[in-house]
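A structural walkthrough
Below, each chain spelled out in residue letters.
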Amino acid sequence: MCGIAGWTDLRNSLEGYERVIREMGDALAHRGPDAAGEYYDRGCLLSHRRLSVIDPENGAQPMTYGKYTIVYNGELYNTEELRRKLKRLGHTFDTASDTEVLLHSFAEWGGDCLDRLNGIYAFAVWDKDERTLFMARDRAGVKPFFYYKYDGGILFASEIKAFFGNPRFTPVLTREGALSLMLLGPARKGGCGVFDGVEELKPGECAVFGEDGLKKRTYWRLTAAPHTETLDETAEHLGSLIRDSVERQLVSDVPLCTFLSGGLDSSLISAIAARRYREEGRQLSTWSIDYKDNRKNFVASAFQPDEDAPWIVKMSEFIGSDHTNVVIDSPALAEALIPAMTARDLPGMADVCSSLYLFCGEVRKRFTVAVSGECADEVLGGYPWYHKPELLYADGFPWARSTAQRAELLRPELLSGISPYEYVKSAADDTVKDMSCLDGESSEEKARRRMFLLNFYWFMQTLLDRKDRCSMAHGLEVRVPFCDHRIAEYAYNIPWEMKSLNGREKGLVRRIAERYMPKDVAWRKKSPYPKTHNPSYSKLVFTEFSRLMSEPDCRLPELLDRGRIDELIASEGRSFSENWYGQLMCTPQMFAYLIQLEMWLRRYSPRLMF
């Protein structure tokens, strides 16, 4: 994985701005600590920061072939298949890197090369003869690609922070950005970067910037198709896709490990990986996260009926992995809220982010690549809102039911003429307006397709955004096999009675998992991402929020009603009765999110335009 940045201007010379593109790249140095490179042309400047994973000795970027120059962030998991096809077409290669294969693929097939790629990627290709910039992002949106367009020019980067070093960019927060932060955050509308004018290529989207401006198109979307396989055939088909995806993503020329939480998804990935490693005479390393005094403070709930720790030990012993457990204490968790926000360039999932940020920092001390179980719940029906009718058929987003209480926190003028309910509902409705269905499908089937799309393009994107920034902040590449587009395409059309086999969330995956692990692990009730149960953390974030709100340079009242802030403090959060965002962001995480928002306003200093 890497950090990429670029600046194309077709009306003004960029001569003399070489220092600017270096500074844009330097802002992404954490993403690529191994090497740096720049490319200079009369209308285009490109920067690349490299994290060496495949063919470390070669594959330097920017890379040029003929009239094309590429900067690329990602991994291709079908590199060798593409290389063989291209060789048959007369191409020759100087390296073993996937960058060279991607560049030759573009030279051979143009934008249609995207249909042939299996991987996670964000890249840009400059055509020096045609003076055009081609840009693309992977189908699932695992890798980020932000851009900022102005008259005659465009900036792009892996992270928004790179734009701050460019004279064309001024950070501005409009009313739309403020509403996004407070009514949707930590989620973002697809394509929106919150700062005024900052956009992002959506998953499965590509674009060309040239003399005619910016032209975007969607090259991949989920499409309805009849499912004709039996249950046994479906289990075999899905199982082979999962196994193939995991095994493809074990390829690395640097140390690789897996994350293991003791839940279904990470256990399945780790078991498949451990089996492959044993065949090669190697031992897999697995990693987990826990919190100080969690065993003492744990209280069972409907969302988490038991602790992860015993299950992690059981799975590690079963697959024979070399396991490391990272334990985080409350003060470190609270202190990491700001570095985690800075990694994301926006307020995020509070300590759900800061814990991952700290965890990835520890993993990176020994490993460069990790494999993780994110996104199985989104594509294979694991969350409660897939199963509860009152959530399945509800307007808006089932994990964000706090709209009314969020709106009450805002300054009244920010809501002038706006219905918060309609604002959130329209964001959800826009996502599914072109939903692909089969003729004659029932209202229940359509509701489940709608839920699939909302999860894929909203909840999953928030988790992927968190995973990418918190890991790449330490130069750690994290791969997510369940995001393989083949799995998503197939799962979109698996009948619900198969997905929820035996009336269980991800029942079909559990049946597949029995081949790789003890049955009780395979059928263990879903457990969410581990978070602290230590009451000391709640006290820390409440105290810090109260302190920040008492400082003379406090900026949150520019967005929120001062009286409501005082009520939150007086009630210690009890006046806000809803979860902030899903089951992971409750009262402590609400205060942590508002801390991040306050510090974001101070550190990024956007000019407010509302």
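Heads up: these notes are all about the structure in this document. Keep in mind that this is a model prediction, so the values were computed, not measured.

1. Quick look at the overall build of the protein
- What the protein contains, in helices and strands, is 23 helices and 19 strands.
- What you see for the protein is a C-alpha radius of gyration of 24 Å, in line with the 25 Å of a compact globule of 610 residues.
- Counting only C-alpha atoms and orienting by the principal axes, one finds that the protein spans roughly 65 × 60 × 55 Å.
- Surface accessibility of the protein: about 22400 Å² in total, with carbon and sulfur atoms responsible for 48%.
- Side chains of the protein carry 79 positive and 88 negative charges; the gap between the two charge centres is 1 Å.

2. Side note on the side chain of S180
- Along the chain, S180 turns up in helix α4 (residues 175-184).
- A relative accessible area of 1% means that S180 is categorised as buried.
- Excluding residues that lie within four positions of it along the chain, S180 makes contacts with G185, A187, V194 and Y423.

3. What about the sheet that holds strand β8 (residues 146-150)?
- In space, the six strands of this open sheet follow the order β2-β3-β1-β9-β8-β11, with antiparallel pairing throughout. The sheet is open, and its two borders are formed by β2 (35-41) and β11 (198-200), each paired with just one other strand. In this sheet, neighbouring strand axes are inclined to one another by 15 degrees on average, regardless of whether the strands run parallel or antiparallel.
- Where β2 and strand β3 (residues 44-50) come together, seven bridges link them in antiparallel fashion. If you follow D41 over to β3, its bridge partner there is C44.

4. Observations concerning the nonpolar core
- By size, the foremost hydrophobic cluster in this structure holds 196 residues, and its most contacted members are F123, F163, L238, F397, L594 and W600.
- Among the elements that make up this core, the one with the highest residue count is helix α16 (residues 443-472) (13 residues).
- Those residues in contact with L238 that sit more than four places away from it in its chain are L380, I487, Y490, I494, L508, V509 and I512.

5. Considering the side chain of S158
- With respect to the helices and strands, S158 occurs in the loop between β9 (153-157) and β10 (172-174).
- Apart from residues lying up to four places away in sequence, S158 is in contact with C2, G3, I4, L28, R31, N73, P144 and F146.

6. Regarding the state of the cysteines
- All chains considered together, the criterion is met by zero disulfides.
- No disulfide involves C206; its sulfur sits 8.9 Å from that of C113, the nearest cysteine.
- Here C360 is not disulfide-linked; the sulfur of C470 is the nearest cysteine sulfur, at 6.6 Å.

7. Quick look at the packing of helix α15 (residues 420-432) against α16
- In the contact formed by α15 and α16, the axes pass within 9 Å of each other and the chain directions differ by 105 degrees. The pairing of α15 with α16 is recorded here as roughly perpendicular in orientation. Residues A427, A428, T431 and V432 of α15 touch α16, and the partners they reach there are R450, L453, L454, Y457 and W458.
- Classifying every residue of the contact of α15 with α16 gives seven nonpolar, one polar and one charged.

8. What to know about helix α1 (residues 18-26)
- Among the residues making up α1, those that are buried are V20, I21, M24 and G25. What you see down the axis of α1 is that its buried residues fit within an arc of 140 degrees, all on one side.
- The secondary structure elements touched by the buried residues of α1 are β1 (2-9), β2, β3 and β9.

So, how was this worked out
- Residues numbered from 1 in each chain as written.
- Predicted model: local features only at pLDDT ≥ 70, side-chain atom pairs only at ≥ 80, totals over all residues.
- Heavy atoms only, no water.
- Helix = DSSP H or I, 4+ residues; strand = E, 2+ residues; numbered from the N terminus.
- Rg over C-alpha atoms; globule rule 2.2 N^0.38 Å.
- Areas by Shrake-Rupley, 256 points an atom, 1.4 Å probe, with all protein chains shown as cover.
- Lys, Arg positive; Asp, Glu negative; His and termini not counted.
- Charge placed at Lys NZ, Arg CZ, Asp CG, Glu CD.
- Buried < 20%, exposed > 50% of the residue type's maximum accessible area, 1.4 Å probe, protein only.
- Contact = heavy atoms within 4.5 Å.
- Pairing = 2+ DSSP bridges.
- Axes fitted to C-alpha atoms, helices over the stretch in contact; angles between N-to-C directions.
- Core = buried A, V, L, I, M, F, W, Y, C linked by side-chain atoms within 4.5 Å.
- Disulfide = S-S within 2.5 Å.
- Parallel < 35°, antiparallel > 145°, perpendicular 65-115°, else oblique.
- Nonpolar A, V, L, I, M, F, W, Y, C, P; charged D, E, K, R; others polar.
- Arc of directions from axis to C-beta.

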